[in-house]
Amino acid sequence: MRHQTAIGAAALSVGLAVAMSAPASGASPRTAPASPAKPDPRAVAAASADRLVAARPAAFKKTAREQVVRLGVTSERQGLQHVAYTRTYSGLPVIGGDFVVTTNASGGVLSTSVAQPAKLNLGTRATVSAAAAAKTSRAEVAKVENTGAPRLSVLADGAGRLVYETVVTGARKNNAPTQLHVLVDAKSGKVVQKWDDVRDIADDRSFYHATVDLSTAPTTMTDPLRPGVQCGGQDGAPFTGPDSAWGNGSGTDLETACVDSMYAVQNEWDMLGQWLGRRGIDGGGRGFPLRVGLNDANAFWNGRYTTFGHNSAGNRQATSTDIVAHENGHAVFTTTPGGDSGGNGNEKGGLNESAGDIFGALTEHYMNEPANLDPPDYLVGEEVDLVGQGPIRNMYDPGALNDPNCYSTQIPRIEVHSAAGPQNHWFYLLAEGSNPTNGNPKSPTCNGKAVTGIGIQKAGQVFMGGLNRKVSNWSHATARVQTINAALQAFPGSATECNAVKAAWDAVNVPAQSGEASCGTQQNDFSLALSAGSGRTIAGRTATATVTTQVTGGSAQQVALSATSSPAGPTATFAPSTVTAGQSSTMTVHVPAGTADGTYKLTVLADGASVDRTAAYTLTVGAGRSVRVLVEAADAGAASLVEAGLDDITVTSS
């Protein structure tokens, strides 16, 4: 006597219907179905990173009082994706609670960068009023124009500090503009941290490019190919004219200054895309306005636009390639994860100034102008003598201009432009080496050891990869760790770039850090899959799924399996709990008696030696649903369906 389930019969009849709908002999062939759309790597990365955060809250110092907020995904060369996050604590924004998860194109987690040093545990009731915090903040600015509303926040300092963040706009004592963020302790009323959105060049130079071909609209100095890029005067409006022929070549003509500015930023935009894989200045396909005519021997970025003045002699505008690329380099620094706030004293500010210099050098090398204009080099502002002393910074030998060649504990306490020295020196050594053979100058090393460069384009890719992993407590030490990760992941299968990054950091006295990656091991990869993405059971029972891994790159690696549930309740075990990529394991999800009915999201984590992968499993815990079945072996069929959660079963025979 034969038995079968009604479910099985239904599935079989559907299969027959599909088979019978095939065209008869001689009929027109059916059009092949369209291939499924390839998933967006950014969406894959975001989902994978979200699952990792759920699976490893301790790795991100996350507590039950916190909510994680995904900010966005930045794409890079080689399919790398950088997923940036921030967090709130009891509903308050956390300053310094940011982190970045880096994945490859298929969602494999390669590395993480976490700003917050410890778990937060603090009260959120202020004893200082917002008005008092605003008054204290205004006292930090010489000439106040506007004071924003104080925002109660948590500063990720130790177990956390309750603060008011107030933005005060105005001018410094030297009349330079400022947009100062001031953090006032909400318990004591004291200033605990501050940073300025306005990043100025201080004393850079300027030059012109002869006749160039700009991308502009027919009658306005706006760039139709690069959204957000436009140039005009101090009122913010773009210059207009009867046609698209701009400037007269004069060093005092502001329209000519806009020609120089737009030409430089257009080349920087193209360099970022073609060399470094970045979309626009902000990473999302947009740039920022440029303003000329500042009545000062200065140029600056204020978080919204760049502004350019003139040299001290008043005969040239400060719109050279390195100045324009430097200021827009600050914009890149601001719009990469971690922003430009936070850090230890002036250390992060020095890294920010160095970033501007590095983007200036990269843009000059990308443009590769001839000797009669501005040939590529590693000097800052050498074409215009703003203060009568030649270039203001020297990347291959910062000490030649009294800036430090080497990192020391004094860096956080010196002026930010001087604090750019160690990273500028590192970049030159990484790009050109200590004894270049291409005509570039020799560069001294702090440890007396020779360094071999990898070329400026690769050096730029490593540097940009580091910035894509930047967090708010950015320092020379964290930059070392993340540029090593960047080299490993941007150049898979090669240890040359990684070793060069380490050697260059060693040569400027930034030592090896605990837990930094070793070189040459990143090419191994694997895939992770579950036999079913969901299951159903009841309290007191279990559900199972097969976990499958496959080698997708390099050699097989050891993979440790674990899982977490949200909300808590079900737990998972794996047999075996550690596999070699290419092997499978059985996941058994245990649901304790008394577990509430509902839906539980399990994140399966496969922790590999060089990459982590995650998978989602949805478990429904409930009383089951009534199913009428026909079974070949009634007892065996009922038992198997009970395991699947279909516990209200009527068995019949035919």
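Whatever comes next refers back to the structure up there.
Every value quoted in this text rests on a predicted model; they were computed, and no experiment measured them.

### Looking at the sheet that holds strand E18 (residues 525-530)
Line of reasoning, step 1. Here we have four strands laid out as an open sheet, ordered E18-E20-E24-E22, and antiparallel in their pairing. Where the open sheet ends on each side, the last strands, each with one partner, are E18 and strand E22 (571-575). Across this sheet, the average inter-strand angle for adjacent strands is 25 degrees, counted without regard to direction.
Line of reasoning, step 2. Sheet analysis places E18 next to strand E20 (residues 542-553), joined by six bridges and oriented antiparallel. Residue pairing for E20: Asp525 is matched across the bridge by Gly553.

### Here's the deal with the packing of helix H6 (residues 347-367) against helix H7 (residues 421-432)
Line of reasoning, step 1. Running from amino to carboxyl end, H6 crosses H7 at an angle of 35 degrees, the nearest separation of the two axes being 9 Å. On H7, the residues that touch Leu351, Ser354, Ala355, Asp357, Ile358, Leu362 and His365 of H6 are Gln423, Asn424, Phe427 and Glu432.
Line of reasoning, step 2. Of the residues that constitute the contact of H6 with H7, the class distribution is five nonpolar, four polar and two charged.

### Things to note about the environment of Asn104
Line of reasoning, step 1. Structurally, Asn104 is set in the loop between strand E4 (99-103) and strand E5 (109-114).
Line of reasoning, step 2. Classification of Asn104 as buried rests on a relative accessible area of 12%.
Line of reasoning, step 3. Taking the C-alpha atoms as reference points, Asn104 and Ala45, separated by 59 residues in sequence, lie 7.6 Å from one another.
Line of reasoning, step 4. Apart from residues lying up to four places away in sequence, Asn104 is in contact with Gly79, Leu80, Gln81, Leu110, Asp525, Val611 and Arg613.
Line of reasoning, step 5. For Asn104, the side chain forms a polar contact with the main-chain nitrogen of Gly108, separated by 2.7 Å.
Line of reasoning, step 6. Polar contacts involving the side chain of Asn104 include one to the side chain of Arg613, which spans 3.5 Å.

### Here we look at the nonpolar core
Line of reasoning, step 1. Of all hydrophobic cores here, the largest spans 70 residues; its most connected members are Phe359, Leu362, Trp426, Phe427 and Leu430.
Line of reasoning, step 2. Take this core: its biggest share by element is twelve residues, from helix H4 (residues 254-276).
Line of reasoning, step 3. Setting aside chain neighbours within four positions, we find Leu362 in contact with Met271, Trp275, Leu276, Phe427, Ile456 and Gly460.

### Some words on the pattern of salt bridges
Line of reasoning, step 1. This structure, assessed with the given rule, holds 19 salt bridges.
Line of reasoning, step 2. For Glu140, the salt bridge is made with Lys194, and the minimal N-O distance between the two is 2.5 Å. Remark: Lys194 occurs in strand E10 (residues 191-196) and Glu140 occurs in the loop between helix H3 (130-138) and strand E6 (143-147); sequence separation between them is 54 residues.
Line of reasoning, step 3. The class of Glu140 is partly exposed, set by a relative accessible area of 31%.
Line of reasoning, step 4. Asp157 is the salt-bridge partner of Arg161, the closest N and O atoms lying 3.3 Å from each other.
Line of reasoning, step 5. In this structure Arg161 comes out as partly exposed when scored by relative accessible area, which is 28%.
Line of reasoning, step 6. Taken together, the salt bridges that share partners define one network made up of Arg480, Lys502, Asp506 and Glu516.

### Here we look at the environment of Gln230
Line of reasoning, step 1. With respect to the element layout, Gln230 can be found in the loop between strand E11 (199-200) and strand E12 (231-232).
Line of reasoning, step 2. We classify Gln230 as partly exposed; its relative accessible area is 21%.
Line of reasoning, step 3. A C-alpha to C-alpha distance of 8.4 Å links Gln230 and Arg291, two positions 61 residues apart in sequence.
Line of reasoning, step 4. Look past the residues within four positions of Gln230 in its chain and what remains in contact with it is Met221, Thr222, Gly236, Ala237, Pro238, Phe288, Pro289 and Leu290.
Line of reasoning, step 5. One polar contact links the side chain of Gln230 to the main-chain carbonyl oxygen of Gly236, over a distance of 3.1 Å.

### Overview of the packing of aromatic side chains
Line of reasoning, step 1. On inspection of all chains with the given rule, the structure shows ten aromatic pairs.
Line of reasoning, step 2. Arranged with centres 5.7 Å apart and planes meeting at 50 degrees, the rings of Tyr396 and Tyr428 form a pair that is tilted. Here Tyr396, found in the loop between strand E17 (393-394) and H7, pairs with Tyr428, found in helix H7; they are 32 residues apart in sequence, far enough to count as distant.
Line of reasoning, step 3. Note on Tyr396: relative accessible area 21%, which makes it partly exposed.
Line of reasoning, step 4. Members of the aromatic cluster, each reached through a chain of ring pairs, are Phe359, Trp426, Phe427, Phe463 and Trp505.
Line of reasoning, step 5. If you follow Lys458 out to its NZ or CZ, it ends over the ring of Phe491, 5.2 Å from the centre.
Line of reasoning, step 6. One residue, Lys470, lies across the ring of Phe333, its end atom 4.4 Å from the ring centre.

### A look at unusual backbone geometry
Line of reasoning, step 1. The peptide bond linking Ser566 to Pro567 adopts the cis configuration, its omega dihedral lying at -5 degrees.
Line of reasoning, step 2. With respect to the helices and strands, Pro567 occurs in the loop between strand E21 (558-566) and E22.
Line of reasoning, step 3. A cis amide bond, omega 0 degrees, links Ala575 with the succeeding residue Pro576.
Line of reasoning, step 4. Mapped onto the secondary structure, Pro576 falls in the loop between E22 and strand E23 (578-580).
Line of reasoning, step 5. If you check the backbone angles, Ser90 has positive phi at about 50 degrees while not being a glycine.
Line of reasoning, step 6. Locating Ser90 in the fold gives a position in the loop between strand E2 (81-89) and strand E3 (92-95).
Line of reasoning, step 7. In this model, Asn368 sits at a positive phi of 50 degrees, which is unusual for a non-glycine residue.

Procedures and definitions
Residues numbered from 1 in each chain as written. Predicted model: local features only at pLDDT ≥ 70, side-chain atom pairs only at ≥ 80, totals over all residues. Heavy atoms only, no water. Pairing = 2+ DSSP bridges. Helix = DSSP H or I, 4+ residues; strand = E, 2+ residues; numbered from the N terminus. Axes fitted to C-alpha atoms, helices over the stretch in contact; angles between N-to-C directions. Contact = heavy atoms within 4.5 Å. Nonpolar A, V, L, I, M, F, W, Y, C, P; charged D, E, K, R; others polar. Buried < 20%, exposed > 50% of the residue type's maximum accessible area, 1.4 Å probe, protein only. Polar contact = N/O pair within 3.5 Å; in protein donor to acceptor, adjacent residues only side chain to side chain. Core = buried A, V, L, I, M, F, W, Y, C linked by side-chain atoms within 4.5 Å. Salt bridge = Lys/Arg side-chain N within 4 Å of Asp/Glu carboxyl O. Phe/Tyr/Trp six-rings, centres within 6.5 Å; stacked < 30°, edge-to-face > 60°. Lys NZ or Arg CZ within 6 Å of the ring centre and 35° of its normal.

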